[in-house]
Amino acid sequence: MARFVPLPQAVAENLNNGDSVAFEGFTHLIPTAAAHEAIRQGFRDLTLIRMTPDVVYDQMIGMGLARKLIFSYAGNPGVGLLRRLRDAVENGFPHKLEIEEHSHAAMANAYEAGAAGLPCAIFRGYRGAELARVNPNIKFIECPFTGESLAAVPALKPDVVFIHAQKADRKGNVLVEGIVGIQKEAVLAAKRAVVTVEEVVDDFSDLHPNLTILPHWTVTDIAVVPGGAHPSYTHGYYARDNAEYLKWDKIAADRDLFRDWMQKNVLDATPEDFAGRVEKLRDA
Amino acid sequence: MMSKPEFTPNEMMTIAASRALKNDDVCFVGIGAPSAACNIARLTHAPDITLIYESGTIGTAPDVLPLSIGDGELCDTALTTVPVPEMFRYWLQGGRITIGFLGAAQIDKYGNINTTVIGDYDSPRTRLPGGGGAPEIATSSQEVYITLAQSKRGMVEKIDFYTSFGHGDGGDHRERLGIDTKGPTLLVTDLAIWKPDPVTKEFTVVSLHPGVTRDQVQETCGWTVTFADGVEETPPPTELELATLRDLKARTEAAHKTA
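Quick caveat: nothing in here was measured; it's all calculated off a predicted structure. (Residues numbered from 1 in each chain as written. Chains lettered and ligands numbered in written order. Predicted model: local features only at pLDDT ≥ 70, side-chain atom pairs only at ≥ 80, totals over all residues. Heavy atoms only, no water.)

**Student:** Can you lay out the packing of aromatic side chains for me, pointing to particular residues and giving the numbers?
**Tutor:** All chains considered together, the criterion is met by 9 aromatic pairs over all chains. Between Phe 23 of chain A and Phe 162 of chain A the ring centres are 4.7 Å apart and the planes differ by 5°, which places this aromatic pair in the stacked class. Of this pair, Phe 23 of chain A sits in strand 2 (residues 20–23) while Phe 162 of chain A is found in strand 9 (residues 160–169), placing the two residues 139 residues apart along the sequence. An aromatic cluster is present here, built from Phe 23, Tyr 57 and Phe 162 of chain A joined pairwise through their rings. A cation over a ring is seen here: Arg 50 of chain A above Tyr 57 of chain A, with NZ or CZ 5.5 Å from the ring centre. Note that Arg 214 of chain B overlies the ring of Phe 227 of chain B, its terminal NZ or CZ placed 4.6 Å from the centroid. (Phe/Tyr/Trp six-rings, centres within 6.5 Å; stacked < 30°, edge-to-face > 60°. Helix = DSSP H or I, 4+ residues; strand = E, 2+ residues; numbered from the N terminus. Lys NZ or Arg CZ within 6 Å of the ring centre and 35° of its normal.)

So this is what it looks like as structure tokens:
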């Protein structure tokens, strides 16, 4: 049964230094508030996992939380490159970052294998792709029935996964809708799962029967954080803050500007600040 | 030409690329230039085309171009939205995609694409975003179209990293690797339309956009350009194509400013 707890407690009691952790979200529903809380609590040596590390991973890497990054596309969506990540990879600032790089198909299959309790994922991929040369976790096996060469990657089984979702009911069942991404697989693949939600409702009895629901017994802790995905969006609640993504490109380009921005907007801020950030983006 | 053409090279690129798409195509859309071309096709000659973005949106019909592959607009206007693993396993790997439409940071004459690093992988000069969906889009789509604006930095003799496999070293390289899809069959730039030579698989200029010279194509390309016998001139944009593209861009700009 999921516990309802404040976000600082959920992060403190589920994340440890050295953990492998995914803050998942595929452009939609990015758990920014949870990641900011992890930054405030100053975790170290994390293996950060995510298909699409974007602004919030740029922030965690720039603040020195990450020892390793497992990913398939590291960019500021629609804007360009991640400048704190580049500084880490190209210049070792603030320290060296180990990277394990995959394709989206590989990461998606690897989470699914994790959720399915398998040791590895098998798929038709990486044909002719050079990532197979530089990443020792990409191997090829022969299909025992047809002889076809297929790619294999280890299952992803993070110590803890953080996601953001629309709502929970009083029991702690969680609804995710819109672009559902990889979140269900990530939650089911992880040892512990923390969900931030926009709101809590009495029950889900009036919902469509095929919606993506995570039963309360698959979730460790739930924290209510309205606006918690900003500058990403929550379908049905508020729109994506595209201007913030555009602004980030300039902030992240400069080490001092970055540090000042993080001090003001993350280190000196609280989970409650997110509600105000999405006020102007709420659906009419 | 009777008068100076009243369109930009980029507009010509988007419109020429859009014309290659058919009404019954199922197109996996890359962000950026491909996204504009695919939506112009949908808004002009191919109203029933199925556009798929890797965020899981199938049959999407956005009113404005998305800034990212996961904008809410894509989900709101889609026939259905599926989880990301399903997108890559059933729809792409399952062979349902007729056209994978990709952009590129760096491309060679065989349509191999680099979006990973400039320089050495372990100590890169520039760390680019990486492959995302492209390595498998390039090999599991029935065909691949590529679009990018020409530059010597972008079109190079040898790419720094083989993110997405095109025709490799040319010839039958795909078949030798057991890849049973056609790979890159079309390259549309701001200056020309290119198709692979049937035997060598080297991209060859088959059509120059109006007013473009062979020298201009060569000056902005890092490899020695081969021109097909009987190079044609790309028909200029029609009024409808141009108006549709400009309306879409204007709507997009307005939407992203206020959002």
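More follows now that the structure is in view.
**Student:** Tell me about the packing of helix 8 (residues 242–252) of chain A against helix 9 (residues 255–267) of chain A, and name the residues and values.
**Tutor:** To characterise two packed helices, one gives the angle between the axes of the helices and the distance between these axes. Residues and elements named next belong to chain A. Packing of helix 8 against helix 9 leaves a shortest axis separation of 8 Å and a crossing angle of 130°. Comparing their axes, helix 9 and helix 8 come out oblique. Residues Glu 244, Trp 248, Lys 250 and Ile 251 of helix 8 lie in contact with helix 9, whose contacting residues are Leu 257, Phe 258, Trp 261 and Met 262. Considering only residue class, the contact of helix 8 with helix 9 consists of 6 nonpolar, no polar and 2 charged. (Axes fitted to C-alpha atoms, helices over the stretch in contact; angles between N-to-C directions. Parallel < 35°, antiparallel > 145°, perpendicular 65-115°, else oblique. Contact = heavy atoms within 4.5 Å. Nonpolar A, V, L, I, M, F, W, Y, C, P; charged D, E, K, R; others polar.)

**Student:** Summarise the environment of Ile 39 of chain A; cite the residues concerned and give the values.
**Tutor:** Residue and element names in this part refer to chain A. For Ile 39, the position within the fold is in helix 2 (residues 32–40). For Ile 39 and Met 60, which are 21 residues apart along the polypeptide, the C-alpha to C-alpha distance reads 6.4 Å. Not counting the four nearest positions on each side in its chain, Ile 39 is found in contact with Gln 59, Met 60, Met 63, Leu 65, Met 262, Val 266 and Leu 267.

**Student:** Quick one: what's the story with the sheet that holds strand 6 (residues 120–123) of chain A, residue by residue and with numbers?
**Tutor:** Residue and element names in this part refer to chain A. On the basis of which strands lie adjacent, the open sheet formed by 3 strands has the order 6-8-7 and antiparallel pairing. Pairing within the sheet leaves two strands with one partner each, and these edge strands are strand 6 and strand 7 (139–142). Averaged over all neighbouring strand pairs, the angle between strand axes comes to 35°, with direction disregarded. Note that strand 6 and strand 8 (residues 149–154) share 4 bridges and pair antiparallel. When the bridges of strand 8 are listed, Ala 121 appears paired with Val 153. Where helix 5 (residues 104–115) meets the sheet, its contacts fall on strand 6 and strand 8, and the angle it forms with strand 6 comes to roughly 135°. (Pairing = 2+ DSSP bridges.)

**Student:** An account of helix 2 of chain A is needed here, citing residue identities and associated values.
**Tutor:** All names here are of chain A. For helix 2, the buried fraction is high: 8 of the 9 residues fall into the buried class. Taken together, the buried positions of helix 2 are Thr 32, Ala 33, Ala 34, Ala 35, His 36, Glu 37, Ala 38 and Ile 39. Positive backbone phi, at 70°, marks Gly 42, one or two positions downstream of helix 2. (Buried < 20%, exposed > 50% of the residue type's maximum accessible area, 1.4 Å probe, protein only.)

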